[in-house]
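Structural overview
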4 protein chains.
Amino acid sequence: MSLYSQYFYCETVNQMFGEEQTLSEMLRFEAELANAQAEAGFMPKEAAELINDCCLVQYIDINKLKSEINLGGNAAIPLVKQLTKIVKNRSVEASKYVHLGATSQDVIDTATMLQLKNYLIWLQEQMQIIMQLLVDLTNIHRNTPMVGRTLLQQAKPITFGLKTAHWLHSLLNHYLQITHCQDKLCVQLGGAVGSGNLYINNTIRYQIAKALGLKNCPPWHTNRAVLSEIASTLALCNQSLAKIAKDISLLMQTEIGEVCESAAIGKGGSSTMPHKRNPVACTAILANATRMPQLIATMFATMPQENERSAGLWHAEWEVLSQIIVLHAGTVSKAIELLSGLEVNQKQMLYNLEQTKGLIYAENVVFSLSKSLGKIPAQELVEKACKLAILQEKHLKDILLEQHLILPDSELLFDASASVGYSTSIIDEILSEYEVILKR
Amino acid sequence: MSLYSQYFYCETVNQMFGEEQTLSEMLRFEAELANAQAEAGFMPKEAAELINDCCLVQYIDINKLKSEINLGGNAAIPLVKQLTKIVKNRSVEASKYVHLGATSQDVIDTATMLQLKNYLIWLQEQMQIIMQLLVDLTNIHRNTPMVGRTLLQQAKPITFGLKTAHWLHSLLNHYLQITHCQDKLCVQLGGAVGSGNLYINNTIRYQIAKALGLKNCPPWHTNRAVLSEIASTLALCNQSLAKIAKDISLLMQTEIGEVCESAAIGKGGSSTMPHKRNPVACTAILANATRMPQLIATMFATMPQENERSAGLWHAEWEVLSQIIVLHAGTVSKAIELLSGLEVNQKQMLYNLEQTKGLIYAENVVFSLSKSLGKIPAQELVEKACKLAILQEKHLKDILLEQHLILPDSELLFDASASVGYSTSIIDEILSEYEVILKR
Amino acid sequence: MSLYSQYFYCETVNQMFGEEQTLSEMLRFEAELANAQAEAGFMPKEAAELINDCCLVQYIDINKLKSEINLGGNAAIPLVKQLTKIVKNRSVEASKYVHLGATSQDVIDTATMLQLKNYLIWLQEQMQIIMQLLVDLTNIHRNTPMVGRTLLQQAKPITFGLKTAHWLHSLLNHYLQITHCQDKLCVQLGGAVGSGNLYINNTIRYQIAKALGLKNCPPWHTNRAVLSEIASTLALCNQSLAKIAKDISLLMQTEIGEVCESAAIGKGGSSTMPHKRNPVACTAILANATRMPQLIATMFATMPQENERSAGLWHAEWEVLSQIIVLHAGTVSKAIELLSGLEVNQKQMLYNLEQTKGLIYAENVVFSLSKSLGKIPAQELVEKACKLAILQEKHLKDILLEQHLILPDSELLFDASASVGYSTSIIDEILSEYEVILKR
Amino acid sequence: MSLYSQYFYCETVNQMFGEEQTLSEMLRFEAELANAQAEAGFMPKEAAELINDCCLVQYIDINKLKSEINLGGNAAIPLVKQLTKIVKNRSVEASKYVHLGATSQDVIDTATMLQLKNYLIWLQEQMQIIMQLLVDLTNIHRNTPMVGRTLLQQAKPITFGLKTAHWLHSLLNHYLQITHCQDKLCVQLGGAVGSGNLYINNTIRYQIAKALGLKNCPPWHTNRAVLSEIASTLALCNQSLAKIAKDISLLMQTEIGEVCESAAIGKGGSSTMPHKRNPVACTAILANATRMPQLIATMFATMPQENERSAGLWHAEWEVLSQIIVLHAGTVSKAIELLSGLEVNQKQMLYNLEQTKGLIYAENVVFSLSKSLGKIPAQELVEKACKLAILQEKHLKDILLEQHLILPDSELLFDASASVGYSTSIIDEILSEYEVILKR
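Residues numbered from 1 in each chain as written. Chains lettered and ligands numbered in written order. Predicted model: local features only at pLDDT ≥ 70, side-chain atom pairs only at ≥ 80, totals over all residues. Heavy atoms only, no water.

1. Some words on helix 11 (residues 280–301) of chain D
Residue and element names in this part refer to chain D. The terminal C-alpha atoms of helix 11 lie 33 Å apart, and with 22 residues this matches the ideal 32 Å at 1.5 Å per residue to within 8%. M292 marks where helix 11 bends most, by close to 25 degrees; the proline P293 follows one to four residues later. Counting buried residues in helix 11 gives 21 out of 22 residues, a clear majority hidden from the surface. (Helix = DSSP H or I, 4+ residues; strand = E, 2+ residues; numbered from the N terminus. Expected span 1.5 Å × (residues − 1). Bend = angle between axes of the 7 residues up to and from the residue. Buried < 20%, exposed > 50% of the residue type's maximum accessible area, 1.4 Å probe, protein only.)

2. As for the interface of chain A and chain C
Where interface size is given, it is often the accessible area lost as the parts come together that is meant. Taken together, the 43 residues of chain A in the interface contact 43 residues of chain C. Both sides together, the interface formed by chain A and chain C hides about 3,500 Å², and carbon and sulfur atoms give 52% of it. Summed over the shared surface of chain A and chain C, the result is four salt bridges. Residue E393 of chain A pairs with K347 of chain C through a salt bridge whose shortest N-O separation is 3.2 Å. At the surface where chain A touches chain C, the tally comes to 11 residue pairs in polar contact (both at pLDDT 80 or more). Within the residue set of the side of chain A that touches chain C, elements represented by two or more residues are strand 1 (145–150), strand 2 (153–159), helix 10 (225–251), helix 11 (280–301), helix 13 (346–353), helix 14 (362–373) and helix 15 (375–392) of chain A. In terms of residue class, the side of chain A that touches chain C is made up of 17 nonpolar, 17 polar and nine charged. (Contact = heavy atoms within 4.5 Å. Buried area = accessible area lost by both parts, 1.4 Å probe. Salt bridge = Lys/Arg side-chain N within 4 Å of Asp/Glu carboxyl O. Polar contact = N/O pair within 3.5 Å; in protein donor to acceptor, adjacent residues only side chain to side chain. Nonpolar A, V, L, I, M, F, W, Y, C, P; charged D, E, K, R; others polar.)

3. Concerning the relation of the copies chain D and chain C
Rotating chain D by 180 degrees and moving it 0.0 Å along the rotation axis overlays it on chain C with an RMSD of 0.0 Å. The relationship between the two copies is best expressed as a two-fold rotation axis. The rotation axis passes nearest to the C-alpha of A297 of chain D in chain D, at a distance of 2.7 Å. A shared binding surface is used by both copies, with 100% of the interface residues of chain D retained as interface residues in chain C. (Least-squares fit on C-alpha atoms with pLDDT ≥ 70 in both.)

4. Regarding the packing of helix 11 (residues 280–301) of chain C against helix 11 of chain D
Across the interface, helix 11 of chain C lies against helix 11 of chain D with an axial gap of 8 Å and an inter-helix angle of 155 degrees. Taken together, the axis directions place helix 11 of chain C and helix 11 of chain D in an arrangement best described as roughly antiparallel. Classified by chirality, the crossing of helix 11 of chain D by helix 11 of chain C is right-handed. The residues of helix 11 of chain D that touch helix 11 of chain C, namely those facing P293, Q294, I296, A297, F300 and A301 of chain C, are P293, Q294, I296, A297, F300 and A301 of chain D. When grouped by side-chain class, the residues that make up the contact of helix 11 of chain C with helix 11 of chain D number 10 nonpolar, two polar and no charged. (Axes fitted to C-alpha atoms, helices over the stretch in contact; angles between N-to-C directions. Parallel < 35°, antiparallel > 145°, perpendicular 65-115°, else oblique. Left-handed = near helix turned anticlockwise from the far one by under 90°.)

5. Section: the environment of S67 of chain B
Considering the arrangement of structural elements, one finds S67 of chain B in helix 4 (residues 62–72). When the C-alpha atoms of S67 of chain B and K276 of chain B are compared, they prove to be 48 Å apart, with 209 residues separating the residues in sequence.

6. What about the interface of chain D and chain C?
At the interface, 91 residues of chain D touch 91 residues of chain C. Across the interface of chain D and chain C, roughly 7,200 Å² is buried in total on both sides, 59% from carbon and sulfur atoms. Between chain D and chain C we count four salt bridges in total. In this structure, K163 of chain C and E308 of chain D form a salt bridge, with 3.1 Å as the shortest nitrogen-oxygen distance. Applying the counting rule to chain D against chain C returns 37 residue pairs in polar contact (both at pLDDT 80 or more). Among the elements that line the side of chain D that touches chain C, the one with the most residues is helix 10 (residues 225–251) of chain D, at 14 residues. Across the side of chain D that touches chain C, the residue classes break down as 40 nonpolar, 34 polar and 17 charged.

7. With respect to helix 8 (residues 160–181) of chain B
Each α-helix winds once per 3.6 residues, and so residues spaced three or four apart point in a common direction. Counted at 1.5 Å a residue, the expected span for helix 8 of chain B with its 22 residues is 32 Å, and the 32 Å between its end C-alpha atoms agrees. For helix 8 of chain B, a buried count of 19 out of 22 residues is recorded, marking the element as mostly surrounded by other parts of the structure.

8. Observations regarding the pattern of salt bridges
Residues and elements named next belong to chain D. On inspection of all chains with the given rule, the structure shows 96 salt bridges over all chains. In this structure, the salt-bridge partner of E402 is K394, at a minimum N-O distance of 2.9 Å. Residue classification places E402 among the partly exposed positions, given a relative accessible area of 42%.

9. Comments concerning the environment of E255 of chain C
Structurally, E255 of chain C can be placed in the loop between helix 10 (225–251) and strand 3 (259–260). Remark: the alpha-carbon pair of E255 of chain C and Q348 of chain C, spanning 93 residues in sequence, is separated by 9.9 Å. Residues within four places of E255 of chain C in sequence aside, it is in contact with V147, R149, Q154, E255, I256, N352 and Q355 of chain A together with Q348, N352 and Q355 of chain C. Polar side-chain contacts of E255 of chain C include one of 2.8 Å to the side chain of Q154 of chain A.

10. Comments concerning the pairing of strand 1 (residues 145–150) of chain C
All names here are of chain C. Of all six residues that make up strand 1, six are buried, and the element is covered over most of its length. Both strand 1 and strand 2 (residues 153–159) contribute to a ladder of six bridges, which runs antiparallel. Residue pairing for strand 2: G148 is matched across the bridge by K156. Hairpin connection of strand 1 to strand 2: two residues between the antiparallel strands, including L151 at a positive phi of 50 degrees. (Pairing = 2+ DSSP bridges.)

In short, shape yes, function no, at least from these values alone.
Shown next, in the form of structure tokens:
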């Protein structure tokens, strides 16, 4: 299943969510639990120190652990068992205090939060890179005319910078949300049924949260919204990045040819067609975007968990949340690859603007004629002229001239750069918003 | 398909998203567009006034409109056509200015935002009702002991108030998020390709946003995250409400019988079993929660929209977003019904606490014995004692006594109220958070 | 929600699954239940006859029924209540025998099967129409050369008939499966807990199945696979039809322009761009295809139903199954509209074959050179030549000639019709399969 | 991500779909392609033999291959590159013929089919084991009375054998479908655009299909229904197995206690509650069933693939199809574990039958009284009696006696074994069907 570990994913993040890293974060929880409980006088300081010394993933026999998961149904039970044994080998006394009063879910959920924390830090940096790439593209192509397309049909001119600004705009919001996610990461500590117990009280919870850099919060063993919420935030970002890939893959079509993924050596080749330049980065992103929505659905489906802790729904979260993150990371790294080497073919953009022989300027003509004729008659007249132009394979301007219509500023009416509306003003609006957000 | 319009849904909200209301909001956009354009000097004030007068849904032939949607692929095209005709019947001059420079998506997306606005207002009130019901239940049952259950097994005592407080806690966050959603509702105005045009500029956009009480924002024709984000917020709330229904349906089981939906006359009966009291409100909520996650997936799947406006993905949003809302509204209203009449059987809770003959106090005993024996030996000893108790069908306390174990405070060890941990302290933590949020 | 009832859907099928028709089918079950029970001597023949006379939907107060669903949680309870009253008004004696021993789910599930039966009959006819349209297109365009595209890039020539034959091929399998679905439609009759009772035995079940033209089968109150299976069959068909719409929408792009949806008057127009011809039928189909997969997921999610009858999962099926069917019907009717008026622009196909200046014939050249050079060197050589051709904007043939390469049959190497491989042989293979299937 | 590789999954099947096995099957395709082409005279026999000798996964540098996937976007391109080099090291001449005329998708899709083939063989055996376990349980508990439950409420008696027979019944159909899947596995061979070419014709395709034991079939590069269909078949089976796990997890609840997962040493324990016996096998199955529906949705979502080969949708299939299979395999192996050690507590079943103090016999009483009173009055009378019984905490029989009602056969009316309806007759019906299917 890992044949495509470098194509759909990003190795750095794969490792963050690999089994070693997961167990490391679980052990970090156990260490801080001991520290807090020693602080509160529930165990000798020395015991806590020893437990801390033992909380190293290299001491763990991972294969043994994996086979024992079958018996208890989660990774915490065999991990605690091994940890206790390791501690016991050095001090029987200290081994009494391992995992004191905590429940499996306390360890596992908190470790998940710590992994999320690592991911969000990585992610924020990558998002800044992507946004900067888009800012650069927008500045360069602020006035580069191209045709705008709706329902896959040529519609009216825009500038390529407007397109990249719209891409940027979607990411600004995701960046903000990702930043806010940091504040939602919270410790899990409730004991068996979320009520605390002798060794698990609000002070212990507060201390662990502080030590791990997480929010303190009442136990949430079966209140799972926070995870689905964070997952949704990532998925929204993923789908907006896929919108960029969708656009680029469409603009890369042979017949359109306006942009192109960078041509790394050997990249995008076909096993049988040496001339091709396939949109391989777009393809990976679009594949990820096809999978992501359903993974989110699964997260939401796991939410109505039974009673104080669930039989099955909690367990369904584990791998699905990881998959959401590693797919998202793959999309993000592929997006950087895609945008950093993007080739823009302005000449082809100009060529395509002429393909309809003036039809894309029809709205201009309608507006111009509306002043004298009214909108509806103007629209009907232009609609007929368009049909005639298509039928006779003539330029719309020529058809209109043949009909002796008086078109003021007819040159401007059929000029791409003069027809991009308020493209640059919208670009400025978005770039200002970017400046404000990045300076926060 | 509407046979169950009152069971899974809420009539009030069904109407908010019915065809009349949808067209009304679209007409409101057209009216405000005219106002803003008149203000900007793009049309005579009189024309704008006349257009406003004509923007009434009762003037629209809805059946005709529906059949014409087949031709153009959306509701705006035939609506604008009818509106123009209505205006033209009163003034040919004014009819020139209808829908000036706007695109179908401008009307439809803005109308959607206006419907969402109405819904969020309704929703906030209902959420306050639900939270108040939970606060009341929590206060009443703060100290009502019951058994906590994990993986569908009896685990340890909690109080019923702790359970309802956890329910409340999940909703606090949703309430906050729903409140924030109000600020995300934004106008759509970009013209054909999202670049604006002669009659569609930033001023016009600003004016319309202001008039409609929406946020001003650059065009987002193919940046759809905001809708998926709002939909996710509603869905998260829906699934947390379903967690409540899940718990109640489990607690209502004949063999558990700790709580019960209110017994309205004729409610919950079976066509063949006169004695039954079915969890009919829970059932509706759980059904809705089974459907909701996949609807969210569809919203996310629609996000990578092509170019300046999409062929199919935008269209897939329309009904799905409505379904999410009307299902959510159904869940919300059923939750009120469910919680306002909830019967709590404290006697049965006490009875169930005794069903395991002391086994649920095993952790207490482990903690108590750990002090002298260490945690692992204590745990092993108690595990054996538990098995013996099950085998011999005796009370755990008696088994332990037979083994001549010295259990300090053995009465307290087997007392439910003394075994609820920090239930009340967690309740207070959640209730304070509630106070803070409600006072904002 | 019904604004788009004619766009995404098909009115004929909307009605088949409307509330009146649903209740009618439920009443049909009640009538046949009475008949079978009279036959078995469980009630007087006269009582059964009277019940049959009363089983007419026009006697039912639907609004009352809908509001009472809230109490019992399904449509059967209030329907049986009303029916009993109607019968009682004519004979107190006969009213004792209404719905004798049956459970709500028996009525509702059987009525669903009857609705499915109606749908499958309609569907088979429509599928035959679509397949015939594709056979005709395939025959006409058997030898029409066009470029084949992979990963949205021009790859190598095919014939348009090969494309339509591949479309046909996918539908052949769906047609077969739809035909098999008829044999899976089965009666539901088990009484309260699926064990039968005094009045519900295997003979009664057999008789009702026979009378309703359904398969006899043990009760399946919580064995729901049959519905998910039928739903999947429809969804698979839906997605294959969407593949056709996807292709057509791509081929309709302004820059490609090889096919076009029929231009009904007013169809495909834009509210602001009079020249456009939007792919409105494709758009509806693609929208439906975006929604369908998640509806199937919901069906599968409802399957692990609790005990003898479920609280929520069964209920989640009702509307979702209907939605799957009515969306599918919409797709099917739009596909007929799409294919019956499809315009094919052979001239543009030829034009597009020349757009890469010979690059799409690279594989031909590789094959030709492989004989002398070996495949890898040939591939590398051609890859370089392609890059040069792109760089120098020359035809690949000219680049190769400049390199003094000896290309035997160089005319054929760059001829579209000579490069379509075994297109016609594959077409014949598929058409024969069609003949075999249709003659069954 | 693989921490839970033994809990949710089955190691045997994990390996079947691991990277080595995937590459092995791809190499098998390359070998048979060479054989068929040598047979057809397209290459010397010696070349084909050499290629066959080189098609061993141990010759492949998998890490190199994985990193090169990034460039070409699939595993076939770097595999063919490595294979060609390996062959070339032994014969430059032979290396010309590697992968002759085939496209990446031909290799990858065919390899997938071969993996599916292996899986279906494994699966059929496991399904036979599960069905036999259910047959045994059904025979043993044919007459074991227990209460049937609907909407989580006690309803009426059934036998436990009826429940297990219903479980068996669902699997019979899945077993048949899985058997049919074997016939759907087909070769993929179409060359770059699915039209064949010089070296890829119908004879070559027929030969490879024959050699690999797959169906011969026209190219299906963008006709993906067959994979979604097989995936659906597995998912349906998965969800039916989850229905069994759902039932067992509910019956295992402390307060119900009618069945129990086997108590392997250390199994089902909790880290803090030594007395618990958690439903760990059920939990894994239910977790898998929560994930499966959405994976199927993704398969369906990938179906409308563009043109002759897709950019992204095909790629989205790869890992998702594998995940469906390995999750399914996990469910299947957990189901065997679950059913082979299932403990059935008949005593507790009898105890639970008495919990409602006769209320579950209400239908019996209604039927009995209906004869004299008519169904509706009987139902109303019994409904009142039930309420009184609940209110006064008396047995329904006593309430009825107090009301001086004449109940013929009152002993039988309140006897569980006499109230199981046609349970045994339905059991026989299902067991006969099993016999017929297994003997095919």
